[in-house]
Amino acid sequence: MTPEQLRQSLRELDGTRDITFGFAGMPSHESVLTVHKAMLIPDEPDHLVKVTDGKSVFIINSAHVDWIKIG
């Protein structure tokens, strides 16, 4: 998945939904990340894909995303 494809799939994150990412190539206890009430941070000059819960910023490496659950 390219960063652009990932950003497109996360466009609906507006702070009202949770998102869970599954990452390939990680130990099982580190392969899942859930962000509650997630918001996609608009594209910045560094072009990294970032989501926030309002307290922390999570930088997502699109090459390692195996699956996404938006709930």
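Below is a short write-up of the structure. Per-chain numbering applies: the sequence of each chain, read as written, is numbered from 1 onward. With pLDDT at 70 or above as the cut-off, local features in this predicted model cover only qualifying residues; side-chain atom pairs require 80 or more to be listed or tallied, and sums for whole chains, interfaces and linings still use all residues. Excluded from the side-chain calculations are hydrogens and water; all other atoms, namely the structure's heavy atoms, are used.

Turning our eyes to something else, we now look at the overall build of the protein. Scanning the protein for helices and strands turns up one helix and five strands. The C-alpha atoms of the protein give 11 Å as radius of gyration, which agrees with the globular expectation for 71 residues (11 Å, within 12%). For the exposure calls, accessible area comes from a 1.4 Å probe over protein chains only, and a residue counts as buried if that area is under 20% of its type's maximum, exposed if over 50%, partly exposed in between. Each of the 71 residues in the protein was classed as buried or not, and the buried ones make up 31%. In this analysis, two residues are considered to be in contact whenever any of their non-hydrogen atoms come within 4.5 Å of each other. Within the protein, contacts between residues separated by at least 24 positions form 53% of all contacts whose residues are at least 6 apart in sequence. Summed over its atoms, the accessible surface of the protein is roughly 4,700 Å², and 54% of this surface lies on carbon and sulfur atoms. If you average the places of the 7 positive and of the 10 negative side-chain charges in the protein, the two averages end up 6 Å apart. By definition, any uninterrupted DSSP run of H or I lasting at least four residues is a helix, any uninterrupted run of E lasting at least two residues is a strand, and each is numbered from the N terminus. Only the C-alpha atoms count toward the radius of gyration. The rule for a globule is 2.2 Å times the residue count to the power 0.38. For the area figures, the Shrake-Rupley method with a 1.4 Å probe applies, and any residue is considered shielded solely by the protein chains shown. Charged residues are defined narrowly, with Lys and Arg counted positive, Asp and Glu counted negative, and His plus the chain ends left uncounted. The location of each charge is read from NZ of Lys, CZ of Arg, CG of Asp or CD of Glu.

Right, let's get into the pairing of strand S3 (residues 49-52). Across the two faces of S3 the burial is the same, with Val49 and Val51 and Lys50 and Thr52 all buried. As judged from the two bridges shared by strand S2 (residues 32-40) and S3, these two strands associate in the antiparallel manner. Residue pairing in the sheet places Leu40 in a bridge with Val51 of S3. Between the end of S3 and the start of strand S4 (residues 57-60), which pair antiparallel, lie four residues, with Gly54 showing a positive phi angle near 95°. A strand pair is defined by DSSP finding two or more bridges across the two strands.

An order of S4-S3-S2-S1-S5 is seen for the five strands of this open sheet, with the pairing classed as antiparallel. With one partner strand each, in any of the chains shown, S4 and strand S5 (65-70) form the two edges of the open sheet. In this sheet, adjacent strand axes meet at a mean angle of 40° when their direction is disregarded. Axes here mean lines fitted to C-alpha atoms, for a helix over just the part in contact, with angles spanning 0 to 180 degrees between N-to-C directions.

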